[in-house]
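Residue-level structural notes
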Amino acid sequence: MIPFPSPLARFIENALPKPTLRPGATGKPRRAITRFVLCGRFPNPTADYYFSARLSAPGMPPHHLADIREGGLDGIDPDGAFVILCRYASKPVLDWIEANGDRLAGVGLFLDDNIPAIVTGHDADLDYRIFLYFRALLPLKRLNRHLDVIWASTPTLARALGIPEKWVLPPAPPEDLWRADAQRPPRHGLTVAYHATASHLEEHRFLRPVIRDVLRKRPQARFEVYAGRRAKGLWRGQERVSIRTPSSWPDYIMETRANGPDIMLVPLTPSPVNDCRSPTKRIDIARAGAAGLFSASEAYGYLSPDGEILLPYEQAAWRDALLALIDDSERRSRAVAATRAACARMGMRAKAGFTPMPE
């Protein structure tokens, strides 16, 4: 059964802090921008997917990465600084913003998830939901007094947040984040993988019978799954299933580049959270040199003229498509090429640099 929020969950979600612009925000920088200050928990995929290439484009002002776990922004010249917060804020960063507000060029918040829906849902582990509340939602009570702009990763998320669609900031990855490593050791058999984050329990449940049937019918295949605390129990005891604990972002980049799977799965249970997701899994799949199977969805589209494989959220469709892909190396090659082409198009967006408040 596809889960949707209960009336109580919707009531609580509506009561949670939401990002809003400061009083008097005009939609333009307060003054000329001399530098960008990107705040977050580094290294992280959000900064790399959306900002690293844009901020490094020719003609852009200098930028500084400020890890919110290492304190405030002391030592950074606030005159003309435009502060970008990736999802999270901390007390020292908020203190610095408040102390230097009249010297800043602006403050913006970037969001790439429907965080209130994750916090009130049941798909993510409880500790992750608590973390999101205290690090992403509670700070909004102070941050909202200073926000000049709020960016969303997708139009659907922008609508959920109630912000203009012109402030949608889609992914624009640098080439080294999606380009596959051509030098890989030969291996026997074929690896299928599902690399999940902390909020995809329903997708694990969806895939479990699919993978059971596929492994029974294709003895040359094995399955690799990244699973959190609750999801691990769904996979224990199955032959040719390797359960991995999610690694750090730098380690994950190196692992997928050096020894990526042959096929990667991207199912998305229809939900208020998943409807807001952006197509960033394409980047990881391209870097792994894998063929992707994607949910037909808001994130990945419903038709693919370029050869990517988009599937309805039905277990029989995923089982049959996966069996066919295992058996057909040429089809896998076409799928790999299609996802790489999609990532190249994403990366082209970064050439224009970064404009905080597009008209």
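Reading the values: rules and limits
Residues numbered from 1 in each chain as written. Predicted model: local features only at pLDDT ≥ 70, side-chain atom pairs only at ≥ 80, totals over all residues. Heavy atoms only, no water. Pairing = 2+ DSSP bridges. Helix = DSSP H or I, 4+ residues; strand = E, 2+ residues; numbered from the N terminus. Axes fitted to C-alpha atoms, helices over the stretch in contact; angles between N-to-C directions. Contact = heavy atoms within 4.5 Å. Buried < 20%, exposed > 50% of the residue type's maximum accessible area, 1.4 Å probe, protein only. Phe/Tyr/Trp six-rings, centres within 6.5 Å; stacked < 30°, edge-to-face > 60°. Lys NZ or Arg CZ within 6 Å of the ring centre and 35° of its normal. Core = buried A, V, L, I, M, F, W, Y, C linked by side-chain atoms within 4.5 Å.

Ordered by their spatial adjacency, five strands build an open sheet running β2-β1-β3-β4-β5, and the pairing between neighbours is parallel. For this open sheet the edge positions go to β2 (63-67) and β5 (149-152), each flanked by a neighbour on one side alone. On average, each strand axis in the sheet is tilted by 20 degrees relative to the strand beside it, whichever way the strands run. As paired strands, strand β1 (residues 35-40) and strand β3 (residues 81-86) are joined by five bridges and run parallel to one another. Bridged to Leu-38 within β3 is Ile-84. The strands that helix α4 (residues 91-99) touches are β1, β3 and β4 (106-111); relative to β3, the one it contacts most, it runs at about 155 degrees.

This part is about the environment of Ala-221. Within the element layout of this structure, Ala-221 appears in strand β7 (residues 221-226). Note: C-alpha distance between Ala-221 and Leu-16 (205 residues apart in sequence) is 45 Å. Setting aside its immediate chain neighbours within four residues, Ala-221 contacts Leu-190, Leu-215, Arg-240 and Ile-326.

On to the pairing of β1, then. Burial runs high along β1: five of the six residues are buried. Relative to β2, β1 runs parallel, the two being bridged by five bridges. Its bridge partner lying in β2, Phe-36 is registered against His-63.

Moving on, we get to the packing of aromatic side chains. Counted by the stated rule, this structure contains 18 aromatic pairs. A ring pair is formed by Tyr-226 and Tyr-252, whose centres lie 5.7 Å apart and whose planes are at 80 degrees; its orientation type is edge-to-face. Note that Tyr-226 is positioned in strand β7 and Tyr-252 in helix α12 (residues 249-259), a separation of 26 residues in sequence. A single burial state applies to Tyr-226 and to Tyr-252, both of which are buried. Three or more aromatic residues link up through ring pairs in this structure, and these residues are Phe-36, Tyr-49, Tyr-50, Phe-51, Phe-82, Phe-110, Trp-151, Tyr-226, Trp-249, Tyr-252 and Phe-354. Note that Arg-282 overlies the ring of Phe-294, its terminal NZ or CZ placed 5.8 Å from the centroid.

Counting 81 residues, the largest nonpolar core has Cys-39, Phe-51, Leu-85, Ile-97, Leu-143, Trp-151 and Phe-354 as its most contacted members. Filtering out sequence-adjacent residues up to four positions away, Trp-151 remains in contact with Phe-82, Ile-84, Gly-108, Leu-109, Phe-110, Leu-111, Ile-163, Trp-167, Leu-169, Phe-354 and Pro-356. Counting 32 residues, the second-largest nonpolar core is a separate cluster that includes Phe-206, Phe-223, Trp-235 and Leu-323.

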